[in-house]
Amino acid sequence: MGNLLQDLRYALRILARSPVFTTVAVLSLALGIGANTAIFTLVDQMLLRLLPVKHPEQLVLVATRGSHYGNNRGANALSYPIYQDFRDQNQVFNGLLCRFGLPLSMSFNGQTERVAGELVSGNYFDVLGVWAALGRTITPDDDKIPGGHPLVVLSHAFWKSRFAADPSIVGQTLNINGYAMTVIGVSQEGFDGTELGNAPQVRIPILMKAQMTPSWDDLKNRRSRWVNVYGRLKPGVSADRAKAAMQPLYHQMLEMEVQQEAFRHASAYTRERFLQSTMVVTPAEKGGPGFRGRYEKPLWVLMGIVGLVLLIACANVAGLLMARATSRQKEIAVRLALGAGRSRLVSQLLVESVLLAAIGGVVGLALAAWTDRLLIGLMPQGNAPLAISSSPDLRILGFNLAVSFLTGILFGLIPALQATKPDLAGTLKDQAGAVLGGAHVRLRKVLVVAQVGLSLLLLIGAGLFIRSLRNLKTLDPGFRTESLIAFRVDPSLNGYKKERTQQFYRQLLESLPAVPGARSAALASVPLLLGWEWDSTITVEGYEAKPGESMNPYFNSVSPGYFATLGIPLVAGHDFSLRDDLIAPKVCIINELLARHYFGDRSPLGRHIGFGGDPGVKADIEIVGVVKDSKYTSVRDEIPRQVFVPFLQSGFVTEMAVYTRTGIDPQQMFTALRREVQKLDADLPVYSMKTMEVQLDESLVSERLIASLSTVFGLLATVLAVIGLYGVMAYMVARRTREIGIRMALGAASGNVVWLIMREVLTLVGIGVAIGLPAAWGLTRLVQTQLFGITPNDPATIVLATLALAAVACLAGYVPALRATRVDPTQALRYE
């Protein structure tokens, strides 16, 4: 311990004597360590961290796969009756809970706002093992009577931000969706739900669903799948065993369902596929897969990129340490001559390198926090707050400390071993080059070659991601995004019934085009480019589906003027009108892709389709128009077959996306549009107001993150590699001063001297490129799924990245080469 403290004091003095070296080394390491810490902070919270619940390793997500006969709200959704059967009849779970996230309208002290809500089963908190920080949580007794438990539990974060952590809020009344509900407690701190990216602010018993979603109440509908089910396994029971145990029960339920009246018209093929559905039980210790699945691959790609940046930084600092060892060769030789052990000197030099890395880690920690705040700000907010923090906790501090220590060892060990084996006699006689000779130079060249190869790999990756993002941003979505504003409203959150909701939307369609600067307005039940979807099986008049053929186009219920407002051309037929309501004949408009698929070259106008695919389904919806194809869920996804129906003929009229085409700067319209909505209902929240250009950018958030960060890190790696190359060439020129002087004294021209140095530069760069290209050819295939409209080995990207790196590297080598031509032969011949 005494030696360690002595080495630390000595290391501090040594580093203080070389401020330029220390600054360059610390900044190089800070950038590398900080980048790794920043990305790991996101990886840890989004991909690695377990839910803050009791024994999270016992949690599983219970779902099914296969054909479904009914409506569905998500890939992992079950109906509430199915959940009840699983809960009451299983032998492998200690408890099964269900939940459903939804937006809510909350009024308190005269202020109305939109909040993220969650309907939960009465055993939700008990199964998870989550306690109350204040008051109590929802219990099974609070979830027995439909509509009979107007209770609310606040999340801890919402309690602090909205109610200033006021303990007196317990027992008070909040008005939620027009219903008076009593606050009974606040959940434990740090618990943000089971779905990352969806942090509910209020939780309500699920049997209050009819009051919270007045337009649809599917508590008793076995064919409506909308709840997510999580279970806690009994001790010793694995997920596979639970799945095997639940499958017979699920199959019995399916056999019971096909005997019900709802399956009366189902074909034998439909029944067979339905009965082949299977159980899925997957580990859920980290929560649901939705948000994590979206960012998992991009984050691991970025983690690999920053790992390469750190390697380049280590190689760069190792080169700096070797160059610095030149000035310390006599000191080390004297100490060895006086009896110091080599291991003692190696440990001292390692203390210096670890200290450098520790300082770099501290600076990198600050850079990481700033970077994470920036990255989190770029991620779009959904219905619920994004429960991700940029503040480092003990896990992040531990990661930063471990990376700093390992980095210090990694870049410090080889220079320390090289520096402590000099030729003592030559060094003590002041013979230049006796300590750090050819082996030292060769090692520095190897480090530079590695830096060039890794930098090329990162530049190629950055080029691929940039071009992929550009392809997505320039892709025509099928509608005009410029001067188009989108926002959403949901009158049902204020207790509106269906008739009143329809009247509200009629008034909104009349008033918005009259706002100064507005040209037109329209509504849609499914907002574009948000990943939402509404699909349904259809029957097409005169078309016989092949066995196994998908007859599930995407639907959207829209208002008159929707296609004109969005700039989607109508190629045949006519648009909807406000007369297309529930008492009028049913009509629809289809896109060209669906028309070609089902009708070929024949005109689809006047033909009919019907909801459902069972034999005997009445095709009673007349096709009155055809529109150009346009994107639906996202820019990246293929354009699907689409059916548009009048919103006044839709069975669901709740939340709608409102689109307004403007003739002036859209940003100037936001306040006026909000004011127009408030004229109709001052308490109705308007949310997610943004231009469609912003919406398009947000839909590409993962692509933008990868492209921007890979570019930054690629350029950073290139700068570090260039610094390393410059250092090696400058050192070589210094060592060859006498040789260069002799050459010039014998008549060598300046061009010959420049070529002498540049030949070394080109050799190093050429070897680095030769190593980097095969590595890029193999590794870029790993990110193929993140690319769009470009191959992993795109020749133009590879050539451009190679030429850019070679040009910058040659410039870095040319400066020492030019300096070599200014050597005074007279002085050089007197060297040493």
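Residue positions are counted from 1 within each chain, in the order its sequence is given. Local features in a predicted model are, by the rule used here, given only for residues with pLDDT of at least 70; side-chain atom pairs are given and counted only at 80 or more, and totals for whole chains, interfaces and linings are based on all residues. Where side-chain values are given, they derive from all heavy atoms of the structure, hydrogens and water being excluded.

1. Thoughts on the overall build of the chain
Just so we agree on the cut-off: Every helix listed is a DSSP run of H or I at least four residues long, and every strand listed is a run of E at least two residues long, numbered separately from the N terminus. Residue contacts are defined here by distance: any two heavy atoms, one from each residue, within 4.5 Å place the two residues in contact. Only the protein chains shown count as cover for residues, and the accessible areas themselves come from Shrake-Rupley with a 1.4 Å probe. In this tally, Asp and Glu contribute negative charge and Lys and Arg positive charge; neither His nor the terminal groups of the chain are included. The location of each charge is read from NZ of Lys, CZ of Arg, CG of Asp or CD of Glu.
Broken down by element type, the chain carries 24 helices and 24 strands. Each of the three principal axes of the chain carries a C-alpha extent, and together these read 105 × 60 × 55 Å. Partitioning the contacts of the chain with sequence separation of at least 6, the portion at a separation of at least 24 is 81%. Accessible area for the chain stands at about 35400 Å²; split by element, carbon and sulfur atoms hold 58% of it. Distance from the positive charge centre (80 side chains) to the negative charge centre (65 side chains) of the chain: 10 Å.

2. Remarks on the side chain of T780
Heads up, the condition is: Polar contacts, as counted here, are pairs of nitrogen or oxygen atoms within 3.5 Å of one another; within protein the pair requires one atom able to donate a hydrogen and one able to accept it, and residues that are adjacent in sequence qualify only if both atoms are side-chain atoms.
Within the secondary structure, T780 is located in the loop between helix 22 (750–779) and helix 23 (795–820). Within the local environment of T780, its side chain forms a polar contact with the side chain of N793, the two groups lying 3.3 Å apart. Here T780 is in contact with I460, L464, P792 and N793, once residues within four sequence places are set aside.

3. Thoughts on empty space enclosed by the protein
Keep this limit in mind: A pocket here means an open set of points on a 1 Å grid, computed over the protein atoms alone, that has protein on both sides within 12 Å along at least five of seven lines. A cavity is instead a set of points where a 1.4 Å probe fits but cannot get out; residues with an atom within 4 Å of a point line either one. Grid points are joined across faces, edges and corners, and a volume is the space filled by probe spheres set on the points.
Counting across every chain of the model gives five cavities of 30 Å³ or more. In terms of lining, the second largest cavity is formed by A315, N316, G319, L320, R444, L447, V448, Q451, I723, G724, G727 and V728. Elements with a contribution of two residues or more to the lining of the second largest cavity: helix 9 (290–327), helix 14 (438–474) and helix 20 (701–735).

4. Thoughts on the side chain of R661
Structurally, R661 is set in strand 23 (residues 656–662). Engagement of the side chain of R661 in a polar contact is seen with the backbone oxygen of R480, the distance being 3.0 Å. For R661, the contacting residues outside a window of four places in its chain are R480, E482, S483, L484, G517, A518, R519, S520, T565, L566 and G567.

5. Side note on the nonpolar core
The line we're drawing: Nonpolar core, defined: a set of buried Ala, Val, Leu, Ile, Met, Phe, Trp, Tyr and Cys residues in which side-chain atoms within 4.5 Å join the residues together. Three exposure classes are used, based on accessible area relative to the maximum for each residue type with a 1.4 Å probe and protein chains only: buried under 20%, partly exposed in between, and exposed over 50%.
M46, L356, F411, Y562 and Y659 are the most contacted members of the largest nonpolar core, which totals 119 residues. Ranked by residue count, the leading element in this core is helix 9, at 19 residues. By size, the runner-up hydrophobic cluster in this structure holds 56 residues, among which are L78, M181, L254 and F263.

6. A look at the confidence of the model for the chain
What counts here: pLDDT gives the predictor's per-residue confidence on a scale running from 0 to 100.
Averaged over the chain, the pLDDT score is 87; the fraction of residues at 70 or greater is 93%. Ignoring residues within four places in sequence, the model shows residues 431–437, a span with pLDDT below 50, making 18 contacts including any to other chains.

7. Considerations on a negative patch on the surface
Threshold: A patch is a set of surface residues, each over 30% in relative accessible area and not in a salt bridge, joined within 9 Å for like charges and within 5 Å for the nonpolar side chains Val, Leu, Ile, Met, Phe, Trp and Tyr. The rule for a salt bridge is simple: a side-chain nitrogen of Lys or Arg has to be within 4 Å of a carboxyl oxygen of Asp or Glu.
On the surface, E533, D535, D637 and E638 cluster together into a patch of negative charge. Mapped onto the elements, D535 comes out in the loop between strand 15 (518–524) and strand 16 (538–540). When its relative accessible area of 34% is taken as the criterion, D535 is described as partly exposed.

8. Examining the environment of A116
Here A116 lies in strand 5 (residues 111–120). Exposure remark for A116: the relative accessible area of 2% places this residue in the buried category. Measuring from C-alpha to C-alpha, the distance between A116 and A748 comes to 78 Å, with 632 residues separating the pair along the chain.

9. A word on the environment of I396
Structurally, I396 can be placed in helix 12 (residues 394–419). Along the sequence, I396 and P103 sit 293 residues apart, while their C-alpha atoms lie 33 Å from each other. Among residues more than four places away in sequence, those in contact with I396 are T37, F40, T41 and D44.

10. Let's talk about the pattern of salt bridges
What the rule picks out here adds up to 24 salt bridges. Each member of the salt-bridge network shares a partner with another, and the members are D44, R49, D393 and R395.

11. Digging into helix 7 (residues 239–257)
Operational definition: How far a helix is expected to stretch is found by multiplying one less than its residue total by 1.5 Å. Bend, at a single residue, is the angle you get between axes fitted to the 7 residues ending at that residue and the 7 residues starting at it.
Counted at 1.5 Å a residue, the expected span for helix 7 with its 19 residues is 27 Å, and the 26 Å between its end C-alpha atoms agrees. Of all the bends in helix 7, the greatest, near 30 degrees, is centred on Q247, and the proline P248 appears no more than four residues after it. Along helix 7, the residues that are buried comprise A239, A242, M246, L249, Y250, M253, L254 and E257.

12. A short note on the packing of aromatic side chains
We apply this condition: Centre distance within 6.5 Å is the pairing criterion for rings of Phe, Tyr and Trp, where only the six-membered ring of Trp is used; planes under 30 degrees apart are then read as stacked, over 60 as edge-to-face, and the remainder as tilted. A ring is considered to have a charge above it if a Lys NZ or an Arg CZ atom is located within 6 Å of its centre and within 35 degrees of its normal.
Counted by the stated rule, this structure contains 21 aromatic pairs. Aromatic side chains F158 and F163 sit 5.7 Å apart centroid to centroid with 85 degrees between the ring planes, which places their arrangement in the edge-to-face category. Each member of the pair, F158 as well as F163, is classed as buried. Measuring from ring centre to ring centre gives 6.4 Å for Y505 and F647, while their planes differ by 80 degrees; the resulting arrangement is edge-to-face. With Y505 in helix 15 (residues 498–511) and F647 in the loop between strand 22 (642–646) and strand 23, this residue pair connects regions lying 142 residues apart in the sequence. There is no split in this pair, since Y505 and F647 are both buried. Clustering of aromatic rings is evident, with ring pairs tying together Y496, F504, Y505 and F647. We note R500 situated over the ring of Y496; from NZ or CZ to the ring centre the distance is 3.8 Å. The ring of W777 is capped by R781, whose NZ or CZ atom sits 4.3 Å from the centre of that ring.

13. Section: a nonpolar patch on the surface
Nonpolar side chains collect at one region of the surface, where L31, I359, V363 and L367 lie side by side and expose about 260 Å² of accessible area between them. Tallying contributions element by element places helix 11 (residues 342–378) first for the nonpolar patch, with three residues. With respect to the helices, strands and loops of the structure, L367 is situated in helix 11. Look at L367 and you get partly exposed, because its relative accessible area is 33%.

14. A short note on unusual backbone geometry
Although it is not a glycine, A164 sits at a positive phi angle of roughly 55 degrees. Examined against the element boundaries, A164 turns out to sit in the loop between helix 5 (156–163) and strand 8 (173–176). We note that S688 has phi near 55 degrees; this positive angle belongs to a residue other than glycine. Its place among the elements puts S688 in strand 24 (residues 687–691).

15. Examining the environment of R467
As for its placement among the helices and strands, R467 is situated in helix 14. With relative accessibility at 36%, the residue R467 sits in the partly exposed group. For the pair R467 and T213, spaced 254 residues apart in sequence, the C-alpha to C-alpha distance is 44 Å. Apart from the residues lying within four places of it in its own chain, the contact partners of R467 are I790, D794, A796 and T797.

16. Points about the layout of surface pockets
Inclusion rule: Under the convention adopted here, Pro, Cys and the residues Ala, Val, Leu, Ile, Met, Phe, Trp and Tyr are nonpolar, Asp, Glu, Lys and Arg are charged, and Gly plus all remaining residues are polar.
Within this model, the second largest pocket holds a volume of roughly 450 Å³. Q45, R49, G190, D192 and A387 are the residues nearest the centre of the second largest pocket, which is lined by 21 residues in total. Split by residue class, the lining of the second largest pocket holds eight nonpolar, seven polar and six charged.

17. Thoughts on the packing of helix 15 against helix 18 (residues 670–680)
Formally: Note on geometry: axes are lines fitted to C-alpha atoms, helical ones only across the stretch in contact, with angles between N-to-C directions running from 0 to 180 degrees. When an angle is under 35 degrees it counts as roughly parallel; over 145 it counts as roughly antiparallel; between 65 and 115 it counts as roughly perpendicular; any other value is oblique. Take the far helix as your reference; a near helix turned counterclockwise from it by less than a right angle gives a left-handed crossing, and one turned clockwise gives a right-handed crossing.
For the pair helix 15 and helix 18, the least separation of the axes is 10 Å and the interaxial angle reads 140 degrees. In terms of their interaxial angle, helix 15 and helix 18 are classed as oblique. The two elements helix 15 and helix 18 cross, and the hand of that crossing is right-handed. Taking contact as the criterion, the partners of F504, Q507, L508 and S511 in helix 15 are, on helix 18, E676, V677 and L680. Its residues placed into classes, the contact of helix 15 with helix 18 shows four nonpolar, two polar and one charged.

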